[in-house]
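# Analysis of the macromolecular model
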2 protein chains.
Amino acid sequence: MPSPNLNYPMLKAFRAAFLDFIADPFYLTESESIRYFPDGLLVIKEGKVEAFGDYEALKDEYIDTPITAYPGMLITPGFIDMHVHFPQIEMIGSYGEQLLEWLNKYTFPTEGKFNDKNYAQEMASFFLDELLKNGTTTAVVFATVFPQSVDAFFEESSKRNLRMIAGKVLMDRNAPDYLKDTAKSSYEQSKELIEKWHNNGRSLYAITPRFSVTSTPEQLQSAGKLLADYPDVYLHTHLSENRAEVAFVKELFPDSKNYLDTYDQAGLLGERSVFAHCVHLDDQEFQRLSEARGIIAFCPTSNLFLGSGLFNINQAKSSEYPVKVGLGTDVGGGTSLSMLQTMNEAYKVTQMRQQKLSPLQAFFLATLGGAKALCLEDKIGNFDVGKEADFIVINPRSTPLMALRNSEEVPNTLEELSERLFTLVIMGDDRAIQSTYIMGELAYEKSLIC
Amino acid sequence: MPSPNLNYPMLKAFRAAFLDFIADPFYLTESESIRYFPDGLLVIKEGKVEAFGDYEALKDEYIDTPITAYPGMLITPGFIDMHVHFPQIEMIGSYGEQLLEWLNKYTFPTEGKFNDKNYAQEMASFFLDELLKNGTTTAVVFATVFPQSVDAFFEESSKRNLRMIAGKVLMDRNAPDYLKDTAKSSYEQSKELIEKWHNNGRSLYAITPRFSVTSTPEQLQSAGKLLADYPDVYLHTHLSENRAEVAFVKELFPDSKNYLDTYDQAGLLGERSVFAHCVHLDDQEFQRLSEARGIIAFCPTSNLFLGSGLFNINQAKSSEYPVKVGLGTDVGGGTSLSMLQTMNEAYKVTQMRQQKLSPLQAFFLATLGGAKALCLEDKIGNFDVGKEADFIVINPRSTPLMALRNSEEVPNTLEELSERLFTLVIMGDDRAIQSTYIMGELAYEKSLIC
């Protein structure tokens, strides 16, 4: 008869303050949307959540389980970055242009380097380490037009056991020759990559036409055909970021009702379709996105950096035509990989529109909101039993200024919690991320040495 | 006969890459505006610049002078923050309101605490240490309505030998009773503080009516009388930050031509008058500011955070009606004490207006631009011989991401330099400030331990 101790190493637990979401605080009250335990316990078995709740309520049941305690820290689900370009990590902060000029001047030459698989692998490795350092555990990622850049990315993300969504970029016009594929080659290469990577471990594939400016209708159609063949694969592209882009798309697709329609007509609009930006959508496009359950990646640091415009989150989160929304850093158009800094500028964008984004809403967007948008709420996004245990340990006193602002006491009320979260939104950056855990394993820990 | 060695300890020198400005890059070309030495030498005697130039050209002359070398680093003049509230350091990142509500809900209760001189001193000390950590060596600072908060501030800034401009807030209406003074008491208290602090060491005084909303015409008039008596004292206030505020001022001053005129009529507009924000000025106000040589403090993180609007830097920097401009953090309405992060959002504001702020222009605003605006260009702002040696050592590779972005090689061309400065503008924060020197003495050095 086996001793009960044999089971012992299979379980581990974490004790701290915990916050996660069980509903959308844009539609329900904040107290109905959150779970908050000032002194909570998260029990993990084989990388998944075994139990979650108040420490006092659970402690007797897990008396033999080893506990890692993070006093004074806040644990939340890992952040989900809904739109980012891994090859652009090295060109973050490139000066002075708006979208279309910026692509030609900086982006395309940089992406050309990713023809070299070794280089791509080195950059993917650096990029993923930076994500973990910023508390991002899942991201929806543009690679480049080169299939080997996708292999490089998934090889590195698999090594780290990360739930990542990525894909090869499709571009068959309005791009330099060295970055162009064709409708046919992009179909074949994407299909091969899907077969190789989609649902391989935690990897998920996204068919990734850059945007309607750089894909012919034929290429979009062939991407739509592929998506129809693999209906649980994602679609990842850009939509309505910049006025000059919108005008250019109108010229290129005279028969489309609007920009969204250029994707819709090709069969690219579904509940796993992620559209980055959506700054200049008209009412019809919002309604159609709502109907089709398409996904918006709101990328505030990028929209400000490239002068693209102010996203209308109230319209996306309307009751009549609700659209799924998450937050994206959009590095290198974005200026930081930190989802906290992204929330900071999301708040500023809403303020500039005389709207309001509460800190709890911001944290929702970056966690369960992203997971629900991506149809991954059965796997990630909160601490429901059975979910994959990707989580982060946040230090609300990580700098002298934050230590001045936040006392050592753990917040007890919703109001205190909100206030603390807001200081993280406004002043937090990678330094606020103490540790990042992937499937219950420590994947990043902040060094004491700068 | 004294040995030449007796002079030896009086001189010290620093070797690194150096950048400063000799003219305004908004009006002249960048190459005409800057001095850049990839390998430069700064020689200091009794806290002031004794010599500055290329290392090779100067080294023989200073062969006996001890040199501190900062290989790979960039030395610039210390940053000048043109508008900041030291008592608001503890309320940075307060949630969810625009200007007038934000004042009532957060600002006034916080400022009430500064009635306690000990508390004010503790906060002033913390605030000044944070400034030095962010590379800010001069600031134009709001205290509170309590004279003891001004004493506390100047006592702490004097201890650190800082060139600071500050003053007691004047408010005699539309504020809680515990923060109100009167036209008479504010005159008397300000006069006493001027006598005590103005030109006491490096301290300079600013008569500081909060804004026309919280001062009666009588109080503004009495402030104008005081300014007339002390014409080399500064005036520091807010102007045209938010639309509701502008409308309220219009109601309160039905006889004024515009918001600026409420100050102008009281004799408060001169070449040492600093007006924070100026987001919603009309053409007439810009012209009058230009004529009177008034100063604008552009506060981008605050203008975005409070949803105030997008400052029009092109209009301020027009050839026809040029207005003096510097950059302000406006903490606690602003979200960071870092002038680098302030430049980041200044760039974003210009992008949102389809304008452009070059990295060299941004660094100009934060150094010589601020000094010239404040009529302090004979004392600070660049490395001209005889100036006070307040400078900062910037590490362009202070994080792994910045080290990826910036090679170990020192920039040689103007283009390389601009690119590097822009990475600091977009990705830099307090971590990029390696050391801060005040009058040639080390005042802050980044710890290796986080």
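These numbers were taken from a predicted model, which means no experiment stands behind them.

### Here's the deal with the overall build of chain A
Looking only at helices and strands, chain A has 16 helices and 16 strands in total. Rg of the C-alpha trace for chain A: 22 Å, near the compact-globule value of 22 Å for 450 residues, within the 12% margin. By its C-alpha atoms, chain A is 65 × 55 × 40 Å across when sized along the principal axes. The proportion of buried residues among the 450 residues of chain A is 58%. Partitioning the intrachain contacts of chain A with sequence separation of at least 6 by distance along the chain shows that 75% fall at a separation of at least 24.

### Observations regarding the environment of B:Thr65
Looking at the element boundaries, B:Thr65 is found in the loop between helix H2 (55–58) and strand S4 (67–77). Residues contacting B:Thr65, with those up to four places away along its chain left out, are B:Leu11, B:Lys12, B:Ala13 and B:Val43.

### Description of the relation of the copies chain A and chain B
The transformation that overlays chain A on chain B combines an axial shift of 0.0 Å with a rotation of 180°, and the residual RMSD is 0.0 Å. Interpreted geometrically, this transformation is the action of a two-fold axis. A share of 100% of interface residues in chain A that are also interface residues in chain B marks the association as one of identical surfaces.

### A look at the interface of chain A and chain B
Across the contact, 31 residues belong to chain A and 31 residues belong to chain B. At the level of elements, helix H4 (117–133), helix H11 (300–305), helix H13 (339–352), helix H15 (400–405) and helix H16 (414–427) of chain A are the ones that each hand at least two residues to the side of chain A that touches chain B. Broken down by element, the residue count for the side of chain A that touches chain B peaks at five residues, all from H16(A). Tallied by class, the residues present in the side of chain A that touches chain B amount to 17 nonpolar, eight polar and six charged.

### Brief notes about the domain arrangement of chain A
Residues and elements named next belong to chain A. For chain A, the domain assignment lists domain 1 (4–78 + 382–445) and domain 2 (79–337). Put simply, the middle of domain 1 and the middle of domain 2, counted by C-alpha atoms, are 31 Å apart. In this assembly, 12 residues from domain 1 lie in contact with 13 residues from domain 2. Going through the elements one at a time, strand S15 (433–438) and strand S16 (441–445) are the ones with two or more residues in the side of domain 1 that touches domain 2. For the side of domain 1 that touches domain 2, the element with the most residues is S15, which contributes three residues. A class-by-class count of the residues in the side of domain 1 that touches domain 2 yields seven nonpolar, two polar and three charged.

### What to know about unusual backbone geometry
Residue A:Val331 is joined to A:Gly332 through a cis peptide bond whose omega torsion reads -5°. If you trace the backbone, A:Gly332 turns up in the loop between strand S13 (324–327) and H13. With a phi angle near 65°, A:Asn199 is a residue other than glycine that sits in the positive phi range. Judged by the 11 C-beta atoms lying within 10 Å of it, A:Asn199 falls in the exposed class. The backbone of B:Asn161 sits at a positive phi, close to 60°, despite the residue not being glycine.

### A short note on the sheet that holds strand S16 (residues 441–445) of chain B
All names here are of chain B. Taken together, the seven strands give an open sheet; going across it, the order is S3-S2-S1-S4-S14-S15-S16, and neighbouring strands pair in mixed fashion. Looking along the sheet, the strands with just one partner apiece sit at the ends: strand S3 (48–54) and S16. Averaged over all adjacent pairs, the angle separating strand axes in this sheet is 35°, with direction ignored. Alignment of strand S1 (residues 11–21) against strand S2 (residues 34–45), held across 10 bridges, turns out to be antiparallel. Looking across to S2, one finds that Arg15 is bridged to Leu41. Packing against the sheet, helix H14 (residues 359–373) makes contact with S1, S2 and S4, and its axis sits at approximately 130° to S1.

### Some points on the sheet that holds strand S1 (residues 11–21) of chain A
Residue and element names in this part refer to chain A. Across the sheet, which stays open at both edges, the seven strands sit in the order S3-S2-S1-S4-S14-S15-S16 with mixed pairing between neighbours. In this open sheet, the two edge strands, each paired with only one partner strand, are strand S3 (48–54) and S16. In this sheet, neighbouring strand axes are inclined to one another by 35° on average, regardless of whether the strands run parallel or antiparallel.

### Considering the nonpolar core
A:Ile75, A:Val141, B:Ile75 and B:Val141 are the most contacted members of the largest nonpolar core, which has 286 residues in total. Residues in contact with B:Val141, not counting those within four places in the same chain, are B:Val84, B:Phe86, B:Phe153, B:Met164, B:Ile165 and B:Ala166. Grouped together as the second largest cluster of nonpolar side chains are six residues, B:Trp102, B:Leu103, B:Phe305 and B:Leu306 included.

### Concerning the packing of H4(A) against helix H5 (residues 147–159) of chain A
Residue and element names in this part refer to chain A. Direction vectors running N to C along H4 and H5 enclose 40°, while the axes themselves pass 8 Å from each other. Relative to H5, the element H4 is oriented oblique. Remark: the crossing between H4 and H5 carries right-handed chirality. Taken together, the residues of H5 that come into contact with H4 (itself represented by Lys117, Ala120, Gln121, Ala124, Ser125 and Leu128) are Gln148, Ser149, Asp151, Ala152, Phe153, Glu155, Glu156 and Ser157. Of the residues belonging to the contact of H4 with H5, the class tally is five nonpolar, five polar and four charged.

### As for the packing of H14(B) against helix H16 (residues 414–427) of chain B
Helix packing geometry: the angle between the two helix axes and the distance between the axes. Residue and element names in this part refer to chain B. Viewed as axis vectors pointing N to C, H14 and H16 meet at an angle of 65°, and their least axial separation amounts to 8 Å. When you trace H14 past H16, the crossing you get is left-handed. Packed against H14, whose contacting residues are Pro359, Leu360, Ala362 and Phe363, the element H16 presents Ser418, Leu421, Phe422 and Val425 at the interface. Here the contact of H14 with H16 is built from residues that sort into seven nonpolar, one polar and no charged.

### Side note on the environment of A:Val169
Within the secondary structure, A:Val169 sits in strand S8 (residues 169–170). Linking A:Val169 and A:Phe248, residues 79 residues apart in sequence, is a C-alpha distance of 20 Å.

### Focus: H16(A)
Residue and element names in this part refer to chain A. For H16, built from 14 residues, the straight-helix expectation of 20 Å at 1.5 Å per residue is met to within 8% by its first-to-last C-alpha distance of 20 Å. Within H16, the full set of buried residues consists of Leu417, Arg420, Leu421, Phe422, Thr423, Leu424, Val425, Ile426 and Met427. Structurally, H16 contributes buried residues whose contacts are with strand S2 (34–45), H13, helix H14 (359–373), strand S14 (391–394) and H15.

### Re the pairing of S2(A)
Across six bridges, S2(A) lies against S3(A) in antiparallel orientation. Looking across to S3(A), one finds that A:Ile44 is bridged to A:Val49.

### Some words on the confidence of the model for chain A
All names here are of chain A. Here chain A averages 96 in pLDDT, while 97% of its residues score no lower than 70. For residues 1–8, every residue scores under 50 in pLDDT, and the model assigns this stretch one contact once sequence neighbours within four places are set aside. Reported confidence for the predicted complex is 0.96 by ipTM and 0.97 by pTM.

### A closer look at the pairing of strand S11 (residues 273–277) of chain B
Side-chain positions along a regular strand alternate between the two faces of the sheet. Residues and elements named next belong to chain B. Judged by how many residues are buried, S11 sits mostly within the fold: five of five residues are covered. Pairing of strand S10 (residues 234–239) with S11 involves five bridges; the strand directions are parallel. Along S11, the bridge assignment pairs His236 with Val274. With three bridges connecting them, S11 and strand S12 (residues 295–298) associate as parallel partners. By the bridge assignment for S12, Ala276 is matched with Ala297. Each parallel crossover has a hand, and the one from S11 via helix H10 (residues 283–292) to S12 is right-handed.

Rules behind the numbers
- Residues numbered from 1 in each chain as written.
- Chains lettered and ligands numbered in written order.
- Predicted model: local features only at pLDDT ≥ 70, side-chain atom pairs only at ≥ 80, totals over all residues.
- Helix = DSSP H or I, 4+ residues; strand = E, 2+ residues; numbered from the N terminus.
- Rg over C-alpha atoms; globule rule 2.2 N^0.38 Å.
- Buried ≥ 20, exposed ≤ 12 C-beta atoms within 10 Å, placed from the backbone.
- Contact = placed C-beta atoms within 7 Å.
- Least-squares fit on C-alpha atoms with pLDDT ≥ 70 in both.
- Nonpolar A, V, L, I, M, F, W, Y, C, P; charged D, E, K, R; others polar.
- Domains from an automatic or database assignment.
- Pairing = 2+ DSSP bridges.
- Axes fitted to C-alpha atoms, helices over the stretch in contact; angles between N-to-C directions.
- Core = buried A, V, L, I, M, F, W, Y, C linked by C-beta atoms within 7 Å.
- Parallel < 35°, antiparallel > 145°, perpendicular 65-115°, else oblique.
- Left-handed = near helix turned anticlockwise from the far one by under 90°.
- Expected span 1.5 Å × (residues − 1).
- pLDDT = per-residue confidence, 0-100.
- Right-handed = clockwise from strand over helix to strand, strands pointing away.

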